[in-house]
Amino acid sequence: MSNTLVTNKDNMDGKIDMEKIRREIIGSDTNTIYRKYLNGNEVWYFKEFLNEQNYSNKYDEFKHYVNDKLKIRFNEIAIFGSAKCGFSLSPDKNLSLFNEKSDIDLALVSKDLYMEFWDEYLKKIYSGEIVSYNKFAKGVVRKFIELEQFPEDVSLYREWEKLADVEFYQHLQFEFGIAHDINYRIFESWDAVESYYKAGISELKRTLEVSI
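Along every chain, residues carry numbers that run from 1 in the direction the sequence is written. For this predicted model, a pLDDT threshold of at least 70 governs which residues receive local features, and a threshold of 80 or more governs which side-chain atom pairs are given and counted, while totals over whole chains, interfaces and linings are taken from all residues. Side-chain measures were taken over the full set of non-hydrogen atoms in the model, leaving aside hydrogen atoms and water.

### A few points about the side chain of Glu146
A run of DSSP states H or I qualifies as a helix once it reaches four residues; a run of E qualifies as a strand once it reaches two. Both are numbered from the N-terminal end. Looking at where Glu146 falls in the secondary structure, it is placed in strand β3 (residues 144-146). Each residue is placed in one exposure class: buried if its accessible area under a 1.4 Å probe, protein chains only, is under 20% of its type's maximum, exposed if it is over 50%, and partly exposed if it falls in between. For Glu146, a relative accessible area of 12% puts it in the buried group. Of note is the side chain of Glu146, whose polar atom sits 2.6 Å from the side chain of Gln149. With near-sequence residues (within four places) excluded, Glu146 lies in contact with Asn183, Tyr184 and Arg185. Polar contacts, as used here, are pairs of N or O atoms within 3.5 Å; protein pairs need one atom able to donate a hydrogen and one able to accept it. Residues neighboring in sequence count only if both atoms are side-chain atoms. Contact criterion: two residues are considered in contact whenever any of their non-hydrogen atoms come within 4.5 Å of each other.

Printed below as a string of structure tokens:
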């Protein structure tokens with residue numbers, strides 16, 4: 001999918017006071033930061049980047065579309081990462097702002113789907129087709145699967161690719177103005193989502209504290 005933007009918003013950086021946010025992250029506890037920036041129905045990408053007047057409704061429409069096309073329940077879909085708050089809370093990105101090369105992190109929270117993909121991957125391991133799986137295993141330990149790491153020759157993955165096809169992305173671009181790549185993570189539960197992002201925030205806090 002192309003990273004060419006279909007928006008006339010040239011620069012959103014001025015609306016985000018990163019020094020203020022840096023001080024806030026250092027001075028606040030992890031739960032507070034998680035609740036403020038990653039919880040709720042307000043998504044920076046729709047509100048600021050795409051300048052949607054009814055941004056919450058547009059986000060709901062987006063989730064309904066993903067629900068219909070990818071067969072994921074509406075309440076199992078959520079945007080996280082820099083598209084959610086305008087900047088990255090990942091410890092290795094040092095509060096980098098969302099930009100033209102950023103991905104939209106989409107969390108799909110479904111235990112059934114998580115187990116389906118995990119079972120298929122496990123079959124590949126036992127068959128000897130996969131011998132190096134440290135990165136994948138690191139995600140599974142934290143109860144999520146990143147689809148970009150999944151073997152493309154597995155029928156379950158091919159079925160997914162048919163759902164998330166060119167037409168799917170074209171509709172996202174022309175109907176919603178979304179021209180960024182989407183990074184899918186399938187989480188086992190909402191608790192797993194919260195644990196993953198809070199761990200990242202905690203590590204980011206430690207990194208920022210050291211840099212003072």
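Picking up after the structure, the text goes on.
### Quick notes on the packing of aromatic side chains
The way to describe two aromatic rings as a pair is by their centre distance and the angle between their planes. Only Phe, Tyr and Trp rings are paired, with Trp represented by its six-membered ring, and only when their centres lie within 6.5 Å; those with planes under 30 degrees apart are stacked, over 60 edge-to-face, the remainder tilted. Taken as a whole, this structure holds 26 aromatic pairs when the rule is applied. Plain terms: the ring middles of Phe49 and Phe98 are 5.7 Å apart, the flat faces sit at 70° to each other, and that makes the pair edge-to-face. Residue Phe49 is found in helix α3 (residues 44-49), and its partner Phe98 is found in the loop between α5 (82-85) and β2 (104-109); the two are separated by 49 residues along the sequence. Both residues of the pair, Phe49 and Phe98, count as buried. Note on Phe150 and Tyr157: the rings are 6.2 Å apart at their centroids and 15° apart in plane angle, and the pair reads as stacked. Judged by its relative accessible area of 10%, Tyr157 is buried. An aromatic cluster of at least three residues, connected via ring pairs, comprises Trp44, Tyr45, Phe46, Phe49, Tyr59, Phe62, Tyr65, Phe98, Phe168, Tyr169 and Phe176.

### Quick word on the sheet that holds strand β4 (residues 182-187)
Between any two strands, at least two bridges found by DSSP are needed for them to pair. Strand order across the open sheet formed by 4 strands is β1-β2-β4-β3, with mixed pairing between neighbours. Every other strand in the sheet has two partners, leaving β1 (77-80) and β3 as the edge strands with one partner each. Across the sheet, the axes of successive neighbouring strands diverge by a mean angle of 30°, strand direction being ignored. As paired strands, β1 and β2 are joined by 4 bridges and run antiparallel to one another. Axis definition: a line fitted to C-alpha atoms, over the contacting stretch in the case of helices. Angles run 0 to 180 degrees between N-to-C directions.

### A word on the packing of helix α1 (residues 18-27) against helix α2 (residues 30-38)
Axis separation between α1 and α2 bottoms out at 8 Å; the angle between their running directions is 140°. In terms of orientation, α1 and α2 fall into the oblique class. Together, Ile21, Glu24 and Ile25 of α1 and Ile33, Lys36 and Tyr37 of α2 make up the contact between the two elements. Any residue outside Ala, Val, Leu, Ile, Met, Phe, Trp, Tyr, Cys, Pro, Asp, Glu, Lys and Arg is labelled polar, Gly included; the first ten of those are nonpolar and the last four are charged. Its residues assigned to classes, the contact of α1 with α2 shows 4 nonpolar, no polar and 2 charged. Angle categories: roughly parallel below 35 degrees, roughly antiparallel above 145, roughly perpendicular from 65 to 115, and oblique for all the rest.

### A short note on the nonpolar core
In this structure, Tyr45, Phe62, Leu89, Trp160 and Tyr184 are the most contacted members of the largest nonpolar core, which totals 68 residues. With 7 residues, the single largest contributor to this core is helix α10 (residues 190-210). With near-sequence residues (within four places) excluded, Phe62 lies in contact with Phe46, Ile79, Leu106, Leu172, Phe176 and Ile178. For our purposes a nonpolar core is just a set of buried Ala, Val, Leu, Ile, Met, Phe, Trp, Tyr and Cys residues, chained together by side-chain atoms within 4.5 Å.

### Regarding the side chain of Glu188
Residue placement: Glu188 occurs in the loop between β4 and α10. Summary of buried charges: Glu188 has no salt-bridge partner, and the nearest side chain of opposite charge, Lys111, is 4.0 Å away. Here the side chain of Glu188 touches Ser189 through a polar contact of 3.0 Å, side chain to side chain. Leave out the neighbours within four places in its chain, and Glu188 touches Ser110, Lys111, Tyr114 and Lys143. Only four residue types enter the charge count: Lys and Arg as positive, Asp and Glu as negative, with His and the chain ends excluded. Here, a salt bridge means any side-chain nitrogen of Lys or Arg that lies within 4 Å of a carboxyl oxygen of Asp or Glu.

### Considering unusual backbone geometry
If a residue is not glycine, its phi is most likely negative; likewise, a peptide bond is most likely trans. Non-glycine residue Asn51 carries a positive phi angle of around 55°. Considering the arrangement of structural elements, one finds Asn51 in the loop between α3 and α4 (55-70). The class for Asn51 is exposed, based on a relative accessible area of 51%. The backbone of Leu95 shows a phi angle near 60°, a positive value even though the residue is not glycine. One can find Leu95 in the loop between α5 and β2.

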